[in-house]
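Structural description and commentary
Listed below are the residues making up each chain.
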Amino acid sequence: MALRAAGTIWINPIRPLSNVGGSDLVYRRCEFGYGLRCNWDFDRFPERERCRLAVLAQRVITPVKDDEKPFTPEVEPSGAIDKVQDTESRVFHKDLNLLPKPLSATDLSASRNDSIKVRVAYQGISGAYSEAAALKAYPKCETVPCEHFEAAFKAVELWLVDKAVLPIENSVGGSIHRNYDLLLRHRLHIVGEVQMAVNHCLLGLPGVRKEELKRVLSHPQALSHCEMALTKLGVVKVTTDDTAGAAQMVATCGIRETGAIASARAAEIYGLDILAEKFQDNDDNVTRFLILGREPIIPGTDRPYKTSIVFTLEEGPGVLFKALAVFALRGINLSKIESRPQRNRPLRVVDDSNKGSAKYFDYLFYIDFEASMAEPRAQHALGHLQEIARFLRVLGCYPIDMTL
């Protein structure tokens, strides 16, 4: 017997679907606005229609509070199709003045020009690991540096770029909590992931030996990855905004006693010597990046897919167990679980007898599970979870990156 998706899913009517009767869609007003209540029996549709329904399901948005409201541009353009053509290989310039300048949050007012390349935003400057991740995902893309993570999100929303590639977790340093918070604040969709092995290099001016260094510049996480090696070298650690920025500072200041920890590509761009490769304390150092876009991709079943969601739960014994059980009951593997306190109301007051009240942290749960939204088991699991959760949002469904 076919299972029906339980609960009410609120979606935006993006485009008409064939073979969907009027009785399946109920236009209805709730306290948060208008939406469509979806009572679809997914199993009675052909596979192609199920995929399109899955895309609509990814638009499940439960209203958020004031400090979680997304940035919304004045005019929301219609969907666009990324256009990619073969172009000449990228040429790196030794003249630092010719390198692209990072976008700041206040620079995001100009409209983007149509381009034959996919434009991809990343945090940092040329030579950053995020830029390398963008080039791995889109080898012929035009990379656009941004000063901060927030600027990269806004660049996609304002159509200045097509995609953004941002780090989300590292095998040594853990999760990038700022980007988890921005995923909830903005209305972008995760459309892919990139996994990259990190090779930290100790860089210096040409002709300098590493024993001559007295101070080393880099991003705080890169410095922590190389803490034992730097302690052995006996240098002063100086933090910068990003690794490529540290390499640029060493190249521009010209002080022989100053080095940087950055990528081999940054050394090539800024004309520095590599004094030591694989300078990190742990050789197995991998960073996972997310690819963000304005529209979700159509999930399929032709390859392994991953789905990312965020939800909140009511307070009570065994509630989290019940939420996780909806995946275990359907044989769905969870590859990531992350909890973050809610910023708008971090504490929940619970009255308990006559002794006063207790205060508990109110959490958001981020989960990645290994299943495609085109699969009925994933649709049924989310329908089941919606019966338990106070808030549920699908952040994206995308192919798993199997390469390093």
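Under an unreviewed UniProt entry, the name given to the protein is Arogenate dehydratase, and the organism recorded is Hevea brasiliensis. UniProt lists a comment for the protein under the heading Function (unreviewed entry), and it reads "Converts the prephenate produced from the shikimate-chorismate pathway into phenylalanine."

For the protein, the count of helices and strands is 10 helices and 20 strands. Here the protein holds 404 residues, and 49% of them are scored as buried. Pairs at least 24 residues apart make up 78% of the contacts formed inside the protein by residues separated by at least 6 positions. In the structure as shown, the protein presents an accessible area of about 20,100 Å², 51% of it carried by carbon and sulfur atoms.

Packed helix pairs are specified by the crossing angle of their axes together with the interaxial distance, meaning the distance between the axes. It is the contact of helix α3 (residues 149–157) with helix α4 (residues 177–185), at a shortest axis distance of 10 Å, that shows an interaxial angle of 30°. Accordingly, the angle class assigned to the pair α3 and α4 is roughly parallel. Considering how the two elements wind past one another, α3 and α4 form a crossing that is right-handed. On the side of α3, the interface is formed by Phe149, Glu150 and Phe153, while α4 contributes Arg178, Asn179, Leu182 and Leu183.

Let us look at the environment of Pro220. Within the secondary structure, Pro220 sits in helix α5 (residues 220–225). Using a relative accessible area of 40% as the deciding quantity, one classes Pro220 as partly exposed. A C-alpha to C-alpha distance of 8.2 Å links Pro220 and Asp242, two positions 22 residues apart in sequence. Residues within four places of Pro220 in sequence aside, it is in contact with Thr239 and Thr240.

Note on pairing: side chains with opposite charge can pair once their charged atoms come close. Within this structure, the stated rule accounts for 21 salt bridges. Between Glu257 and Lys214 there is a salt bridge; the shortest N-O distance is 3.5 Å. One end of the pair, Glu257, is in the loop between α7 (243–253) and β12 (258–262); the other, Lys214, is in the loop between β9 (201–204) and β10 (215–218), with 43 residues separating them in the sequence. Among the salt bridges present, the one from Arg390 reaches Glu314, with a minimum N-O distance of 3.6 Å.

Looking now at the pairing of strand β19 (residues 363–369). A regular strand carries its side chains on alternate faces of the sheet. Of all 7 residues in β19, 6 are buried, a share of seventy percent or more. Where strand β15 (residues 305–313) lies against β19, 5 bridges are found, and the strand directions are antiparallel. Across the sheet, Thr307 pairs through a bridge with Phe369, a residue of β19. One ladder, built from 7 bridges, connects strand β16 (residues 334–341) with β19; its direction is antiparallel. Each bridged residue has a counterpart across the sheet, and for Glu338 the counterpart in β19 is Tyr366.

Moving on, we come to the sheet that holds strand β20 (residues 389–399). Taken together, 4 strands build an open sheet; the order of strands is β16-β19-β15-β20 and the sheet is antiparallel. Two strands lie at the open edges of the sheet, namely β16 and β20, each paired on one side alone. Each neighbouring strand pair of the sheet contributes to a mean axis angle of 15°, computed without reference to strand direction. Where α4 meets the sheet, its contacts fall on β15, β16, β19 and β20, and the angle it forms with β16 comes to roughly 85°. This element, helix α9 (residues 319–328), spans β15, β16 and β19 of the sheet and lies at about 160° to β15.

Once that is clear, we can look at the pairing of β12. Most of β12 sits inside the fold, with 5 of its 5 residues counted as buried. A two-sided burial pattern is seen for β12, the buried positions comprising Thr258, Ala260 and Ala262 on one face and Gly259 and Ile261 on the other. Sheet analysis places β10 next to β12, joined by 3 bridges and oriented parallel. When the bridges of β12 are listed, Leu217 appears paired with Ala260.

Taken together, the buried positions of α7 are Thr243, Ala244, Gly245, Ala246, Ala247 and Val250. In the core, the buried residues of α7 are packed alongside α2 (129–137), β9, β10, α5, β12 and α8 (264–270). At the N-terminal boundary of α7, the capping side chain belongs to Asp242, with an oxygen 3.2 Å from the backbone nitrogen of Ala244. Gly254 lies just past α7 and shows a positive phi near 70°.

Turning to the nonpolar core, a few remarks are in order. Counting residues in hydrophobic clusters, the biggest one holds 31 residues, and the most contacted among them are Leu230, Ile261, Leu272 and Phe279. Counting residues per element, the ones that place at least two in this core are β9, β10, α5, α6 (227–233), α7, β12 and α8. Formed by 29 residues, the second largest nonpolar core is a distinct cluster that contains Val144, Phe149, Leu166 and Leu182.

Looking at the secondary structure, you find Lys306 in strand β15. Once residues lying within four places of it in the same chain are set aside, the contact partners of Lys306 are Glu193, Arg288, Ser335, Asp368, Phe369, Glu370, Ala371, Gly396, Cys397, Tyr398 and Ile400.

For Leu320, the location among the structural elements is in helix α9. The spatial distance from the C-alpha of Leu320 to the C-alpha of Ile388 is 9.2 Å, given a sequence separation of 68 residues. Among all residues touching Leu320, those that are not within four sequence positions of it are Leu313 and Phe365.

Moving on, we come to the sheet that holds strand β13 (residues 273–276). Spatial strand order, β11-β10-β12-β9-β13: 5 strands in an open sheet with mixed pairing. Strands with a single pairing partner mark the edges of an open sheet, and in this sheet they are β11 (236–239) and β13. For this sheet, the mean angle separating the axes of adjacent strands, direction not counted, is 35°. Here β9 runs beside β13; their pairing, made up of 3 bridges, is antiparallel. Directly across from Gly204, in β13, lies its bridge partner Asp273.

Calculation notes
Residues numbered from 1 in each chain as written. Predicted model: local features only at pLDDT ≥ 70, side-chain atom pairs only at ≥ 80, totals over all residues. Heavy atoms only, no water. UniProt positions renumbered as here; feature names shortened; annotations may be inferred. Helix = DSSP H or I, 4+ residues; strand = E, 2+ residues; numbered from the N terminus. Buried < 20%, exposed > 50% of the residue type's maximum accessible area, 1.4 Å probe, protein only. Contact = heavy atoms within 4.5 Å. Areas by Shrake-Rupley, 256 points an atom, 1.4 Å probe, with all protein chains shown as cover. Axes fitted to C-alpha atoms, helices over the stretch in contact; angles between N-to-C directions. Parallel < 35°, antiparallel > 145°, perpendicular 65-115°, else oblique. Left-handed = near helix turned anticlockwise from the far one by under 90°. Salt bridge = Lys/Arg side-chain N within 4 Å of Asp/Glu carboxyl O. Pairing = 2+ DSSP bridges. Polar contact = N/O pair within 3.5 Å; in protein donor to acceptor, adjacent residues only side chain to side chain. Core = buried A, V, L, I, M, F, W, Y, C linked by side-chain atoms within 4.5 Å.

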